[in-house]
Amino acid sequence: MRNLLYCGDQEYIDTGSVLVLVHMVVKTQRRLRKRGIEERMRICIVAEGCYPYTVGGMSSWAHGLIRSFPSQEFVILAIVANRELRGKFVYELPENVVEVHELYLDDLDWCRHKRKSRMNKKEYQALRSLLLGKQVEWEALIDYFQKKKRSLNDLLMGEDFLNAVTEFYLLHYSQIVFTDFLWTMRSIYLPLFRTLQMKIPKADVYHCLCTGYAGVLGCMGKYIHGGRLLLSEHGIYTREREEELIRSKWVKGIYKNIWIEQFRKMSRMAYDRAELVTSLYAGARELQTELDCPVEKTMVVPNGVQVERFQDLLGKTEAEEGEIYVGAVFRVTPIKDVKTLIQAFAFAKEKEPRLKLWIMGPWDNDDGYAQECFDMVGIMGIADVIFTGRIDVRDYYGKMDMLILTSISEGQPLTILESFAAHKPVIATDVGDCSGLILGNEGDSFGEAGIITHIMNVGEITQAILTLAQNRQLRLQMGENGYQRVTAGYRMEQMLNAYGTIYREFAESMQKPWADNEVEMTDHQSDGYIGEG
């Protein structure tokens, strides 16, 4: 029996792992028929851990992209941790989104068989290829998991998996305890096997927002249903997972390498099968090719913002003019290194009492870390630190004297582009494309638009804050340099035209209709929280 599920004012049919938007399907079909478009191209957005469950960054980008192509039908295939997030969307989905499918990586094994079945020779060879990492036979693995529902518990505890793991162990890791090795291999492959079991919605284009499990799903869609595979990486997923694993405490020693190699296998799968792989800047493109992405498939499509939305913003009141406002736009999470920011601000404020810090963005993604940041401000007795929560930062940008980003990992942060559009200079750590945005890339003559520091360097960040705080003319000049840079190369219409061209070429190759005026500029970051990379 189907159950109705309501998310905000939207109504869904709950069909297990699929949430079908009831009234949107009808409304979208009527609207498109009115436009004279009967057979649209169906685009499946495959996202991991972001849209439509969190705001900012990639979620804002995806939301805006979907709204910019209203004549096309979109399906969301979302990867989330578990069923607690089922249907908990923070966005009101656009009318042209007709289905939402959810994959839960941490889920129960719902399939039980009284008789355990063994793999045949072809299936077992595919499993060996996955573990041993030699020319992984992905299509054979997809067939094995898709042709009938299987108990993952029976597979992981069964003889076939044990034999393959034992062979892998004896070849490479016989110096460590086997029982630990076996259980680690089970934990590594459980989420992948669950991904390979997922029933993939039919689409003409599978647009994956990263490699990893999203890339696997996109490859499955292309293999099962045909169509085209587009991969858009804002951060290089495999490299980000490597950095997390190296820093992690829950994975020890040699097991870090095994996890890292598994993510590399998944990225190679997506790179090999994609028609096109986009990145945000040249450095990211180089990382993709280092990870075995064929260079001829790669393309740089920078982020873009609607510059006009950041003009004529509300400035400071007369009472506020004596203060120097430092703004930070991000989710309060460890990857943004908020604690280093707080500490650097505290030291800067000792020398420049006029400083005031505004941390603008939600903190419910990691309540524990957020509380540690709140406590840190209190324990250190730092005055003039404001946590706003989720807001529309256009209400604040005009008041800021500078923006700051202390992340330990980024792609091409939207908050920097938005700051430039608002004529504000930026202090940022040297991660992702922050240096290129602030200092300019080769052939860029606009000048410096802020200051770059090393990550987690409290002294450098403190000095950068003081340098801008004590030189108003420098702030104004850097803000103007940033404005010139963003208007020249990082406008929303440039980004949308690039993806419009990609979609159109895909449509033409499949004989799908595509109008020349498909792209519609919308209020892209109208989710009540703007910014972040």
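Please read these numbers as outputs of a predicted model, since none were measured by experiment.

S.K.: Mind laying out the overall build of the chain, listing which residues take part and the relevant values?
M.R.: Secondary structure assignment for the chain yields 18 helices and 16 strands. Split into buried and exposed, the 533 residues of the chain put 60% on the buried side. Considering only contacts within the chain whose residues lie at least 6 apart along the sequence, 74% involve residues at least 24 apart. Carbon and sulfur atoms form 50% of the exposed surface of the chain, whose accessible area is close to 22,300 Å².

S.K.: Let's hear about the confidence of the model for the chain: which residues, and what values?
M.R.: In this model, the chain carries a mean pLDDT of 88, and residues with pLDDT of at least 70 account for 88%. Here residues 22-30 scores under 50 on pLDDT; set against residues more than four positions off or in separate chains, the count is 20 contacts.

S.K.: Run through the pattern of salt bridges, naming residues and quoting values.
M.R.: A full pass over the atoms with the stated rule returns 28 salt bridges. Note that Glu 99 and Arg 42 form a salt bridge whose closest N and O atoms lie 2.9 Å from each other. A residue pair is termed long-range when its members are at least 10 positions apart, and Glu 99 in strand β6 (residues 97-104) and Arg 42 in strand β4 (residues 42-48) qualify at 57 residues. Each member of the pair Glu 99 and Arg 42 is classed as buried.

S.K.: Please set out the pairing of strand β11 (residues 324-329) residue by residue, giving values where relevant.
M.R.: Taken across its six residues, β11 has six buried, putting it largely inside the fold. Of the two faces of β11, the one lined by Ile 324, Val 326 and Ala 328 and the one lined by Tyr 325, Gly 327 and Val 329 are each fully buried. By the bridge criterion, six bridges tie β11 to strand β12 (residues 355-360) in an arrangement that is parallel. Bridge pairing links Gly 327 to Trp 358 in β12. Taken together, β11, helix α12 (residues 338-351) and β12 constitute a β-α-β crossover, and its handedness is right-handed. As judged from the two bridges shared by β11 and strand β14 (residues 402-405), these two strands associate in the parallel manner. Bridge pairing in β14 places Gly 327 opposite Leu 403.

S.K.: Outline the environment of Ile 142, supporting the account with residue identities and numerical values.
M.R.: Examined against the element boundaries, Ile 142 turns out to sit in helix α4 (residues 138-146). The class of Ile 142 is buried, set by a relative accessible area of 1%. Taking C-alpha positions, Ile 142 is 9.8 Å from Val 216, a pair spaced 74 residues apart along the chain. Apart from the residues within four sequence positions on either side, Ile 142 is in contact with Leu 196, Met 220, Tyr 223, Ile 224 and Met 269.

S.K.: Tell me about the packing of helix α3 (residues 121-132) against α4, and please be specific about residues and values.
M.R.: Where α3 meets α4, the axes come as close as 9 Å, and the angle between the chain directions of the two elements is 125°. Classified by the angle their axes make, α3 and α4 are oblique. Crossing hand, α3 versus α4: left-handed. Note on element contacts: α4 touches α3 through Trp 138, Ala 140, Leu 141 and Tyr 144, opposite Lys 122, Glu 123, Ala 126, Leu 127 and Leu 130. Taken together, the residues that form the contact of α3 with α4 break down as seven nonpolar, no polar and two charged.

S.K.: Describe the environment of Asp 364, listing the residues and the values that go with them.
M.R.: With respect to the secondary-structure elements, Asp 364 resides in the loop between β12 and α13 (367-380). Between the C-alpha atom of Asp 364 and that of Val 332, which follows or precedes it by 32 residues, the distance is 7.9 Å.

S.K.: Account for the packing of aromatic side chains, with residues named and values stated.
M.R.: Overall, the coordinates contain 25 aromatic pairs when judged by the stated rule. A ring pair is formed by Tyr 169 and Phe 178, whose centres lie 4.9 Å apart and whose planes are at 75°; its orientation type is edge-to-face. Under the relative-accessibility criterion, Phe 178 is labelled partly exposed at 24%. Counting every residue linked through ring pairs, the aromatic cluster contains Tyr 144, Phe 145, Phe 161, Tyr 189 and Phe 193. It is Arg 150 that lies over the ring of Tyr 144; its NZ or CZ is 3.8 Å from the centre. In this structure, Lys 316 packs its charged tip against the face of Tyr 325, placed 4.8 Å from the ring centre.

What counts and what doesn't
- In this numbering scheme, every chain counts its residues from 1 along its sequence in written order.
- Local features in this predicted model are restricted to residues of pLDDT 70 or higher, and side-chain atom pairs are both shown and tallied only at a pLDDT of 80 or more, whereas totals for entire chains, interfaces and linings draw on every residue.
- For side-chain calculations, the full set of non-hydrogen atoms in the structure is used, while hydrogens and water are omitted.
- Only runs of H or I of at least four residues qualify as helices and only runs of E of at least two qualify as strands under DSSP, and these elements are numbered from the N terminus.
- We call a residue buried when its accessible area falls under 20% of the maximum for its residue type, exposed when it is over 50%, and partly exposed in between, using a 1.4 Å probe and counting protein chains only.
- What makes two residues a contact is simply this: any of their non-hydrogen atoms within 4.5 Å.
- To be clear on the numbers: accessible area is Shrake-Rupley with a 1.4 Å probe, and residue cover counts the displayed protein chains and nothing else.
- Residue-level confidence of the predictor is what pLDDT reports, using numbers from 0 through 100.
- Salt bridge, as used here: a side-chain nitrogen of Lys or Arg that lies within 4 Å of a carboxyl oxygen of Asp or Glu.
- Following DSSP output, two strands are said to pair if at least two bridges run between them.
- Consider the strands pointing away from the viewer: the crossover is right-handed when the path from the first strand over the helix to the second runs clockwise.
- Angular values range over 0 to 180 degrees, each being the angle between N-to-C directions of two axes fitted as lines to C-alpha atoms, with helices fitted over their stretch in contact.
- Orientation is classified from the angle alone, with under 35 degrees giving roughly parallel, over 145 giving roughly antiparallel, 65 to 115 giving roughly perpendicular, and any other angle giving oblique.
- Two helices cross in a left-handed way if the nearer one is turned anticlockwise from the farther one by less than a right angle. They cross in a right-handed way if the turn is clockwise.
- Residue classes follow a fixed rule: Ala, Val, Leu, Ile, Met, Phe, Trp, Tyr, Cys and Pro count as nonpolar, while Asp, Glu, Lys and Arg count as charged, and any other residue, Gly among them, counts as polar.
- Ring pairs are drawn from Phe, Tyr and Trp, using the six-membered ring of Trp, whenever the two centres fall within 6.5 Å, and their geometry is named by plane angle: stacked under 30 degrees, edge-to-face over 60, tilted for the rest.
- Geometrically, a charge over a ring is one whose NZ (Lys) or CZ (Arg) sits within 6 Å of the ring centre while staying within 35 degrees of the ring normal.

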